[in-house]
Amino acid sequence: MSAAEIAVGQAAVDQLLEVLDLTPTGEMAFRGMSPPVGPQRVYGGQVAGQALVAAGRTVDPERFVHSLHGYFVRPGDPVEPIEYQVENIRDGRSFSVRRSVALQHDKPIFFMSASFQRVEEGLDHQAPAPLDVPGPDEVPTMSDRLARYPERLGIWAQIPRPIDVRYVGEPGWVRPGDRPAEPHQRVWMRIDGKLPDDPLLHACALTYASDLTLLDSVLSVHGEVWGPGGVVGASLDHALWFHRPFRADEWFLYDCWSPSASGARGLASGRMVTRDGRHIASAVQEGLLRRVGA
């Protein structure tokens, strides 16, 4: 596929919506597919987003997801369908809890617990948003950055781009030595098109996006990069909390940092803040990180 044929903007978003639109195969069972062109293993944000779709379709639509916790246990095969089985753990007066398991070849590749809550009023506060961060229109686009590193593109030059990603600092896929050490990795993101108004779909799209750059904040602390001469890695688990209403097709700043790395594992934490300073979600992930030669 040539660069001219890569789906971007609304065309790429429509493809993402197709990926998130699971096929029911039973009362609590669904089937999902991967995009026709993608990496050698299923992208973690995809399987997490699909697992949340499956769980959310079994819950009263008046209850909104507020947290999810998942584990990646096997690499996913992008050629094979993914079967999702949902277990109803509890439906209480205020909360519903579901367990969603993704399977291929009758073996789990990912499992998730997700909790949903009816709308309630209560205490409200948040930490101040990061200061002096340039806006999304003031930093390079992904195309601008990719043009500087054609040899680092690989499969990412061929797959659709449903998310507009704009790094405030240097991304982790630059050449070794080109990335200064930074305690935070900050990235502006939005779904690069229009999404329907369904809040569950926006939560699933945000879940999809949340796995894109989070683990890279571990490398940022050391000025390290992905790939030859740097580090290879994989997500081990992923947790996400939704705090306030949002639209995933509007800009948010993904402010990520790493409190610890040891034992070939790194811990990354991130918060998502809208342009007007509302803290909409928080994420935590641990990943496997191993050095590779040039």
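If you're wondering where the values come from, they're calculated on a predicted model, not measured in any experiment. (Residues numbered from 1 in each chain as written. Predicted model: local features only at pLDDT ≥ 70, side-chain atom pairs only at ≥ 80, totals over all residues. Heavy atoms only, no water.)

Q: A description of helix 1 (residues 9–20) should follow, citing residues and the corresponding values.
A: An ideal rise of 1.5 Å per residue puts 16 Å on 12 residues; helix 1 measures up with 17 Å between its terminal C-alpha atoms. Looking at helix 1, one finds that the buried residues are G9, A12, V13, L16, V19 and L20. Down the axis of helix 1, the buried side of the element spans an arc of 110°, and every buried residue falls inside it. In this structure, the buried residues of helix 1 make contact with helix 2 (44–56), strand 8 (184–191) and helix 4 (199–210). (Helix = DSSP H or I, 4+ residues; strand = E, 2+ residues; numbered from the N terminus. Expected span 1.5 Å × (residues − 1). Buried < 20%, exposed > 50% of the residue type's maximum accessible area, 1.4 Å probe, protein only. Arc of directions from axis to C-beta. Contact = heavy atoms within 4.5 Å.)

Q: Break down the pairing of strand 12 (residues 279–291) for me, citing the residues and quoting the values.
A: Residues in a regular strand point their side chains to alternate faces of the sheet. Examined bridge by bridge, strand 9 (residues 231–242) and strand 12 share 11 bridges and lie antiparallel to one another. Bridge pairing in strand 12 places W241 opposite S282. Judged from the nine bridges that link them, strand 11 (residues 265–274) and strand 12 form a sheet pairing that is antiparallel. Within strand 12, the residue paired with A268 across the bridge is Q285. Taken together, strand 11 and the strand that follows it, strand 12, pair antiparallel across an intervening segment of four residues, in which G277 is found at a positive phi of about 90°. (Pairing = 2+ DSSP bridges.)

Q: With reference to specific residues and values, describe the pattern of salt bridges.
A: Following the criterion strictly, the structure yields 18 salt bridges and no others. For R265, the salt bridge is made with E286, and the minimal N-O distance between the two is 2.9 Å. Note that R265 is positioned in strand 11 and E286 in strand 12, a separation of 21 residues in sequence. Using a relative accessible area of 23% as the deciding quantity, one classes E286 as partly exposed. Between D276 and R278 there is a salt bridge whose closest N-O contact spans 3.8 Å. (Salt bridge = Lys/Arg side-chain N within 4 Å of Asp/Glu carboxyl O.)

Q: With reference to specific residues and values, describe the packing of aromatic side chains.
A: One pair of aromatic rings is described through two measures. These are the centre distance and the angle between the planes. All told, the structure shown has six aromatic pairs when counted by the stated rule. Aromatic pair Y149 and W173: ring centres 6.3 Å apart, planes at 85°, arrangement edge-to-face. With Y149 in the loop between helix 3 (142–146) and strand 7 (163–167) and W173 in the loop between strand 7 and strand 8, this residue pair connects regions lying 24 residues apart in the sequence. Considered together, Y149 and W173 belong to a single accessibility category, that of buried residues. Considering the side-chain rings of Y167 and W173, the 6.3 Å spacing of their centres and the 85° angle between planes classify their relative orientation as edge-to-face. Taking relative accessible area as the criterion, Y167 reaches 6% and is therefore assigned buried. Grouping aromatic residues by their ring pairs yields a cluster made of Y149, Y167 and W173. (Phe/Tyr/Trp six-rings, centres within 6.5 Å; stacked < 30°, edge-to-face > 60°.)

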